[in-house]
Structures are given as C-alpha cells and as structure tokens.
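The residues making up each chain are set out below.
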Amino acid sequence: MLSLFVVALVSATLLPGGSEVWLARLWCLGEPVMMLWLVATSGNTLGSLINVWMGRYARRFQDRRWFPASPRGLARAERWYHRFGEWSLLISWAPVIGDPLTVLAGVFRLPWWRAILLITLAKGARYAVVLYLAQAWLAPLCQ
C-alpha cells in the first residue's frame with residue numbers, strides 16, 4: 001500500500017507516473033478496494049497540493065530570467081483562470097492539463113480548503129472509475 005501512495009503522489013506532481021496501472025495491479029492481487037481507493041486518492045491529492053504550494057510561491061520569482069512563464073503568458077493564464085475559475089480543478093485528474101491547473105490554483109491563491117475539496121473530489125472520482133473498470137474488465141485476467 002505504501003508503494004501505491006508513493007506512485008500516486010509522484011503521479012500528481014509534474015513528474016510522470018502510472019498510478020492507475022499500479023492501482024489495478026494491487027486490485028488484481030486482492031487488496032481491499034476501499035483501502036486502495038483511499039490510499040490512491042490521498043497520495044494523488046497530496047501530490048496535487050504540493051503543486052498548489054509550489055504555485056503559491058512561484059510568483060515571487062516571476063522577474064527572474066529562468067521563470068517558465070513570460071509576463072504575457074502569465075496574464076493569459078490569469079485571464080483563463082478567472083474565466084473558468086476554481087471549478088477547473090474538477091479536471092485536475094486529467095493527464096497533461098491537470099498538473100498545470102493545480103499550479104495555477106496556487107499562483108492565483110485559491111483558498112486551501114477549496115483546493116483540497118475540489119482536488120479530492122476529482123482524484124477520488126478518477127480512482128473510483130479506475131477500480132470500477134478493473135472490476136469490470138480485469139477480473140477474468142486476475143485469476
């Protein structure tokens with residue numbers, strides 16, 4: 001279970017990971033479904049909250065040459081974020097776009113309790129779907 005937590009946490013940061021495959025593997029090995037869901041959701045949510053935390057402190061470096069966003073790009077991201085707002089975190093589970101959304105939530109100072117709630121809902125729903133699909137499609141292969 002610790003391995004699932006670590007893989008889920010790393011998968012939620014800007015580093016690549018494969019928590020869904022690891023979750024399905026552990027399900028196939030007979031681990032309890034609720035425990036798998038809880039551990040994966042917790043680890044992945046914590047990883048996203050690390051992104052939020054990094055985003056909260058990223059703006060202090062915006063004048064540095066190495067900062068990854070230009071002032072124009074940051075203004076565009078801010079307009080986009082204000083248009084779609086905090087609700088965009090409900091797709092924080094999505095590959096490629098989910099991680100930057102969590103960083104933007106930090107950059108634009110979304111209150112912690114809202115970030116935790118929305119990210120947990122998104123991540124929990126994703127892992128519930130993964131476990132459902134594992135039960136529906138992998139059951140014959142796991143025996």
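Please read all numbers here as calculations on a predicted model, not as lab measurements.

Thoughts on the state of the cysteines
Line of reasoning, step 1. Within this structure, the stated rule accounts for one disulfide.
Line of reasoning, step 2. Residue Cys 28 pairs covalently with Cys 142 via a disulfide, S to S 1.5 Å. Residues Cys 28 and Cys 142 share a disulfide whose torsion about the S-S bond is about -105°; that sign makes it left-handed. With a gap of 114 residues between them, Cys 28 in helix 2 (residues 19–28) and Cys 142 in the segment after helix 6 (112–138) connect regions that are remote in the sequence.
Line of reasoning, step 3. With a relative accessible area of 23%, Cys 142 lands in the partly exposed category.

Digging into the pattern of salt bridges
Line of reasoning, step 1. This model, assessed by the stated rule, comprises two salt bridges.
Line of reasoning, step 2. A salt bridge links Arg 126 to Glu 20; its shortest N-O distance comes to 3.2 Å. A residue pair is termed long-range when its members are at least 10 positions apart, and Arg 126 in helix 6 and Glu 20 in helix 2 qualify at 106 residues.
Line of reasoning, step 3. Classification of Arg 126 by relative accessible area gives buried; the value is 14%.
Line of reasoning, step 4. Here Glu 86 ties to Arg 114 by a salt bridge, and the two come within 3.0 Å at their closest N and O atoms. Of this pair, Glu 86 sits in the loop between helix 4 (71–84) and helix 5 (98–107) while Arg 114 sits in helix 6; the two residues are 28 residues apart in sequence, bridging distant segments of the chain.

Some words on the UniProt feature "transmembrane region" (unreviewed entry) in the protein chain
Line of reasoning, step 1. UniProt annotation of "transmembrane region" (unreviewed entry) refers to residues 33–54 when read in the numbering used here.
Line of reasoning, step 2. Measuring from the first to the last C-alpha atom of residues 33–54 gives 32 Å, for a span that is 100% helix and 0% strand.

Thoughts on the nonpolar core
Line of reasoning, step 1. Counting residues in each nonpolar core, the largest one holds 16 residues, and the members touching the most others are Tyr 81, Leu 89, Ala 105, Leu 110, Ala 115 and Ile 119.
Line of reasoning, step 2. Listed by contribution, the elements that provide at least two residues to this core are helix 3 (33–58), helix 4, helix 5 and helix 6.
Line of reasoning, step 3. It is helix 5 that contributes the most residues to this core, four residues altogether.
Line of reasoning, step 4. Counting residues in each nonpolar core, the second largest holds twelve residues, with Leu 4, Leu 23, Trp 27 and Ala 134 among its members.

Structural notes on the packing of helix 3 against helix 5
If you want to describe how two helices pack, look at the angle between their axes and the distance between the axes.
Line of reasoning, step 1. It is the contact of helix 3 with helix 5, at a shortest axis distance of 6 Å, that shows an interaxial angle of 45°. The angle between helix 3 and helix 5 falls in the class oblique. When the axes of helix 3 and helix 5 are compared, the crossing they make is right-handed. Residue-level inspection shows Ser 48, Asn 51, Val 52, Gly 55, Arg 56 and Ala 58 of helix 3 in contact with helix 5, the latter providing Asp 99, Thr 102, Val 103, Ala 105, Gly 106 and Val 107.
Line of reasoning, step 2. Grouping the amino acids of the contact of helix 3 with helix 5 by side-chain chemistry returns five nonpolar, five polar and two charged.

Calculation rules
Residues numbered from 1 in each chain as written. Predicted model: local features only at pLDDT ≥ 70, side-chain atom pairs only at ≥ 80, totals over all residues. Heavy atoms only, no water. Disulfide = S-S within 2.5 Å. Helix = DSSP H or I, 4+ residues; strand = E, 2+ residues; numbered from the N terminus. Buried < 20%, exposed > 50% of the residue type's maximum accessible area, 1.4 Å probe, protein only. Salt bridge = Lys/Arg side-chain N within 4 Å of Asp/Glu carboxyl O. UniProt positions renumbered as here; feature names shortened; annotations may be inferred. Core = buried A, V, L, I, M, F, W, Y, C linked by side-chain atoms within 4.5 Å. Axes fitted to C-alpha atoms, helices over the stretch in contact; angles between N-to-C directions. Parallel < 35°, antiparallel > 145°, perpendicular 65-115°, else oblique. Left-handed = near helix turned anticlockwise from the far one by under 90°. Contact = heavy atoms within 4.5 Å. Nonpolar A, V, L, I, M, F, W, Y, C, P; charged D, E, K, R; others polar.

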